[in-house]
Amino acid sequence: MNVCTLVIRVIFAAKQTILRMLNVVLFGPPGAGKGTQSEVLLQRYGLVHLSTGDIFRYNIKNATELGQQAKAFMDKGELVPDSLTISMLESEVVKHPDPKGFIFDGFPRTSAQAEALDKFLASRNASITCMLALEVDEEELIKRLLNRATTSGRADDADESIVRNRITVYNRETAPVAGYYQSCGKYCGVKGVGTVEEITARLCAELDAFAH
Ligand code: AMP
């Protein structure tokens, strides 16, 4: 095989990988329903669900060094620093050798995380297919989180001042990330109010449109 054929084959293989994978950023403020909807979408599309919040909580429960570092920030409703979060996310992605794709839930939450994710996926011949953003108004979010605290056992759901801080942090540091995906035509806002099934149907309609 000559060099030219080899190069064409490598490019073609890379393109096939990009086309085959479905990588979704499920976006939205705390309490928007990202976890609930991720569970449904991962079943329907055969995707790997990566929730950075869940991974941090797993590390806290298992008293790892990462868990100890993250806990101080999570207890206050602040973001865990980018350096810790990005390296953790990358090490989770590489645990899945041939995935159909990923649902990124709770990541990226800063512009630096969004840029790092793009670079990292590109190094693996992959890319983000789309960002689906669940839209829910603030008072509804607070109601949902305080209500979730009764079953989630999460301290950061139970205290209204921490809940409000999480939403403030979201508005300040995370909401601008939507602009990053808007600028490359990958953003889609979805009404996050209604029954679980209604919201799932809206998400699937948008996802199918991006996937084809
Ligand atoms: P969540 O389960 O998505 O609501 O996240 C719970 C907490 O974990 C957040 O309030 C942050 O303290 C931390 N966290 C989760 N994901 C990230 C992220 N991508 N960047 C920084 N901190 C995060």
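Nothing here was measured: the structure is a model prediction, and the numbers come from that model.

A. Fine view of the sheet that holds strand 4 (residues 130-135). One open sheet accounts for five strands, arranged 2-3-1-4-5; its pairing is parallel. This sheet does not close on itself; its edge strands, each paired only once, are strand 2 (48-51) and strand 5 (187-191). Direction aside, neighbouring strands of the sheet carry axes that sit 20° apart on average. Taken together, the four bridges between strand 2 and strand 3 (residues 102-105) define a ladder with parallel strand orientation. The partner of H49 across the bridge, within strand 3, is I103.

B. Geometry of the site of the ligand. Surveying the vicinity of the ligand reveals 15 residues, the closest of which are T52, R57, E78, G106 and R109. In this structure, G106 approaches the ligand through a main-chain N or O atom, which is 2.8 Å from a nitrogen atom. Measuring from a nitrogen atom of the ligand, one finds a side-chain N or O atom of Q113 at 2.9 Å. Look at the ligand: alone it shows 480 Å² of surface, and the protein chains cover 96% of it. Under a 2 Å grid-point criterion requiring more than half of the atoms, the pocket assigned to the ligand is the largest pocket. Per-element accounting of the shell around the ligand gives the leading share, four residues, to helix 3 (residues 52-61). Looking at the shell around the ligand residue by residue, the classes come out as five nonpolar, five polar and five charged.

C. Structural context of the packing of helix 3 against helix 5 (residues 82-93). Contact geometry for helix 3 and helix 5: axes closest at 11 Å, N-to-C directions at 95°. The angle between the axes of helix 3 and helix 5 places the two elements in the roughly perpendicular class. Within the contact between the two elements, helix 3 uses T52, I55 and F56 and helix 5 uses T85, M88, L89 and E92. Class assignment of the residues belonging to the contact of helix 3 with helix 5 gives a composition of four nonpolar, two polar and one charged.

D. Here's a closer look at the layout of surface pockets. Approximately 900 Å³ is the volume attributed to the largest pocket. If you list the elements that add at least two residues to the lining of the largest pocket, you get strand 1 (24-27), helix 2 (34-45), strand 2, helix 3, helix 7 (138-152), helix 9 (160-174) and helix 11 (196-211). Every residue lining the second largest pocket is listed: R57, I60, K71, M74, D75, S152, G153, R154, A155 and D156. Of the residues that constitute the lining of the second largest pocket, the class distribution is three nonpolar, two polar and five charged.

E. Summary view of the packing of aromatic side chains. In this structure the tally under the stated criterion is three aromatic pairs. On the numbers, 5.8 Å between centres and 45° between planes, the contact of F27 with Y170 is tilted. Taken together, the residues F27 in strand 1 and Y170 in helix 9 connect sequence positions 143 residues apart. Y170 carries the same exposure label as F27, and that label is buried. On the basis of an interplanar angle of 75° and a centroid distance of 5.2 Å, the ring pair of Y180 and Y181 is categorised as edge-to-face. On the accessibility criterion, Y181 (1% relative accessible area) is buried.

Conventions we followed
- Residues numbered from 1 in each chain as written.
- Predicted model: local features only at pLDDT ≥ 70, side-chain atom pairs only at ≥ 80, totals over all residues.
- Heavy atoms only, no water.
- Pairing = 2+ DSSP bridges.
- Helix = DSSP H or I, 4+ residues; strand = E, 2+ residues; numbered from the N terminus.
- Axes fitted to C-alpha atoms, helices over the stretch in contact; angles between N-to-C directions.
- Near = heavy atom within 4 Å.
- Polar contact = N/O pair within 3.5 Å; in protein donor to acceptor, adjacent residues only side chain to side chain.
- Areas by Shrake-Rupley, 256 points an atom, 1.4 Å probe, with all protein chains shown as cover.
- 1 Å grid on protein atoms, 1.4 Å probe; cavity = no way out; pocket = protein on both sides within 12 Å on 5 of 7 lines; lining within 4 Å.
- Sits in = over half its atoms within 2 Å of the grid points.
- Nonpolar A, V, L, I, M, F, W, Y, C, P; charged D, E, K, R; others polar.
- Parallel < 35°, antiparallel > 145°, perpendicular 65-115°, else oblique.
- Contact = heavy atoms within 4.5 Å.
- Points joined across faces, edges and corners; volume = space filled by probe spheres on them.
- Phe/Tyr/Trp six-rings, centres within 6.5 Å; stacked < 30°, edge-to-face > 60°.
- Buried < 20%, exposed > 50% of the residue type's maximum accessible area, 1.4 Å probe, protein only.

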